[in-house]
Amino acid sequence: MFSKKKYIDSINENEIFSNSYKTKLPQTIIAQIIANHFEYAHKKPKCLFIGWDGCRCDAMKYLVKSNNGKVSGSNDYAVFSAVNELKKNGGLYITYVGAEESSPQETSTAQGWASALCGKWMKKEYKYGIEWYLDNDFPTIHKTLAKQGFQSSFSAIWPVHFDYTYSKEIENAEKNNLPQYYYKFETDFELHNNMLNRIKSDDDFIFGIYENPDANGHTTGFGDKNYRYVSGICNLDRLTFELLKAIKSRPDFCKEDWLILIASDHGGHLTRHGTQKIEDRTTFLALSKPIEEFIK
C-alpha cells in the first residue's frame, strides 16, 4: 500500500538533493531566480531554462550518484549528464507544484509552467484546467524581460500553450513589437534542434519544453519503477547535455553570465496527474548556481 511518509523518506534517503522534503521550495521561485539573475549579473546576462514535462522528483536518483550505496549501487558519475553538470557548481533542489495545500492548484501542464514563468499561483476565482489564460496580473518572465529589451524565446509542442495560456502575451508581443518569440513543433527532436539554434542566434532568455517524460508517463505509467519512464528521462538528460555544450562553444561565452535551469511542471501517478497526491506535487529544480545567490 502507498504511504506518503514512505515516499518522503525515499526522496530524503537518496542523499542527492541540496535540501530536504521539509525545506522544499515552491515552483514559483523560478521566475524570481531568473529575474534576479538578469538584474544583478556582472557580465552580459543570459539564461537557458529547460523544461522536462512530467518528470518526477524521485527519478533524479537514476541520474545522480548517491552517497547511499543502497540507492545508487556501484554507479559512477555520469560524464554526459546535464543534471550532474549543473549540480557541480549549483544545486539540485526538491520543489513542489500545485500551490499551497490550503488553496490548491491543479498539478497540470498549463498551470505548472505558467506558475514557474510568472512566479505566482493562480487566483482562486480562476478555473482549473487548460482554459487558464494569463492576463496582465500574470506577466511571464518572457514578457518582463522583453519589455526591458532582452530577446526571449519559447519553444514547445503542446498546442494549448499557444492557443490558450499564452495567447494574450503572443498577441501583445506582436502588437507592441516586443522581442518575445514563440515556436511550435511536432516532436522533441524538432524542438531540440531549435533550442540549439536559439543558443546560436543570441537569444538572451531561452525556454523550451521537452515532452518525453510526460508522454511516457501517460502511455506506460509515471513512476521510478517503470523502466520506460526512467529510461526516457535518462536519455533526455544526455540530450540536454548537448545544449550545455552549445553554450560553452559560443564565441562570446567568456563575456557572458549564463544561468541554466532544468525543472518539471508536475509529477504523476499511474498514468495521470493533476491531483494533490504527493507524487504529482513533488518536483525538482537543477540550477547552475547556488540558490543562495538569488534568494537571500
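Before reading further, recall that the structure is shown in the block above.
These notes cover the structure that comes with them.

### Considerations on the packing of helix H9 (residues 188-200) against helix H11 (residues 227-248)
Across the interface, H9 lies against H11 with an axial gap of 9 Å and an inter-helix angle of 15°. For the element pair H9 / H11, the angle class is roughly parallel. Relative to H11, the crossing made by H9 is right-handed. Here H9 contributes His192, Met195, Leu196 and Ile199 to the contact with H11, which in turn contributes Leu239, Glu242, Leu243, Ala246 and Ile247. Its residues placed into classes, the contact of H9 with H11 shows seven nonpolar, one polar and one charged.

### Looking at the sheet that holds strand S6 (residues 205-210)
One open sheet holds the eight strands; their spatial order is S1-S3-S8-S7-S2-S6-S4-S5, and the pairing between them is mixed. On the outer flanks of this sheet lie strand S1 (25-26) and strand S5 (180-184), each paired with one strand and no other.

### Regarding the side chain of Asp280
Of note, Asp280 is situated in helix H12 (residues 278-281). The charged side chain of Asp280 is buried without a salt bridge, its nearest counter-charge being Arg272 at 5.8 Å. For Asp280, the side chain forms a polar contact with the side chain of His269, separated by 2.9 Å. In this view, Asp280 contacts Val97, Thr107, His266, Gly267, Gly268, His269, Arg272, His273, Gly274 and Thr275; residues no more than four positions away in its chain are not counted.

### Describing the nonpolar core
Judged by nonpolar contacts, the single largest core of 45 residues is most densely connected at Leu48, Ile50, Trp52, Met60, Val83, Leu92 and Ile262. In terms of residues, this core owes the most to one element, H11, which gives ten residues. One finds Ile33, Phe162, Tyr182 and Ala263 within the second-largest nonpolar core, a separate group that totals 35 residues.

### Quick look at the packing of aromatic side chains
By the definition in use, this model includes 13 aromatic pairs. Between Phe49 and Phe207 the ring centres are 4.6 Å apart and the planes differ by 40°, which places this aromatic pair in the tilted class. Note that Phe49 is positioned in strand S2 (residues 44-52) and Phe207 in strand S6, a separation of 158 residues in sequence. In this structure, Phe49 and Phe207 share a single accessibility class: buried. Here the aromatic rings of Phe80 and Phe241 are separated by 5.7 Å at their centres, their planes lie at 75°, and the arrangement is edge-to-face. Of this pair, Phe80 sits in the loop between helix H3 (69-72) and helix H4 (82-89) while Phe241 sits in helix H11; the two residues are 161 residues apart in sequence, bridging distant segments of the chain. In this structure Phe80 comes out as exposed when scored by relative accessible area, which is 52%. Three or more aromatic residues joined by ring pairs form one cluster here, namely Phe49, Trp113, Phe154, Phe162, Tyr166, Tyr182 and Phe207. Directly above the ring of Tyr21 sits Lys24, whose terminal nitrogen or CZ lies 4.2 Å from the centroid. Over the ring of Phe138 we find Lys120; its NZ or CZ atom is 5.8 Å from the centre of that ring.

### Details of helix H1 (residues 4-12)
Along an α-helix, a turn takes 3.6 residues, which lines up residues three or four apart on a common side. When we look at burial in H1, the residues that qualify are Tyr7, Ile8 and Ile11. Mapping the buried residues of H1 onto a view down its axis gives an arc of 95°, with all of them on the same face. Exposed residues lying more than 90 degrees from the buried face of H1 are Lys5 and Lys6. Buried-residue contacts for H1 involve strand S3 (91-96), H12 and strand S8 (282-287). Between the side-chain oxygen at the start of H1 and the backbone nitrogen of Lys5 there is a gap of 3.4 Å, and the oxygen is on Ser3.

Parameters at a glance
Residues numbered from 1 in each chain as written. Predicted model: local features only at pLDDT ≥ 70, side-chain atom pairs only at ≥ 80, totals over all residues. Heavy atoms only, no water. Axes fitted to C-alpha atoms, helices over the stretch in contact; angles between N-to-C directions. Helix = DSSP H or I, 4+ residues; strand = E, 2+ residues; numbered from the N terminus. Parallel < 35°, antiparallel > 145°, perpendicular 65-115°, else oblique. Left-handed = near helix turned anticlockwise from the far one by under 90°. Contact = heavy atoms within 4.5 Å. Nonpolar A, V, L, I, M, F, W, Y, C, P; charged D, E, K, R; others polar. Pairing = 2+ DSSP bridges. Buried < 20%, exposed > 50% of the residue type's maximum accessible area, 1.4 Å probe, protein only. Lys, Arg positive; Asp, Glu negative; His and termini not counted. Salt bridge = Lys/Arg side-chain N within 4 Å of Asp/Glu carboxyl O. Polar contact = N/O pair within 3.5 Å; in protein donor to acceptor, adjacent residues only side chain to side chain. Core = buried A, V, L, I, M, F, W, Y, C linked by side-chain atoms within 4.5 Å. Phe/Tyr/Trp six-rings, centres within 6.5 Å; stacked < 30°, edge-to-face > 60°. Lys NZ or Arg CZ within 6 Å of the ring centre and 35° of its normal. Arc of directions from axis to C-beta.

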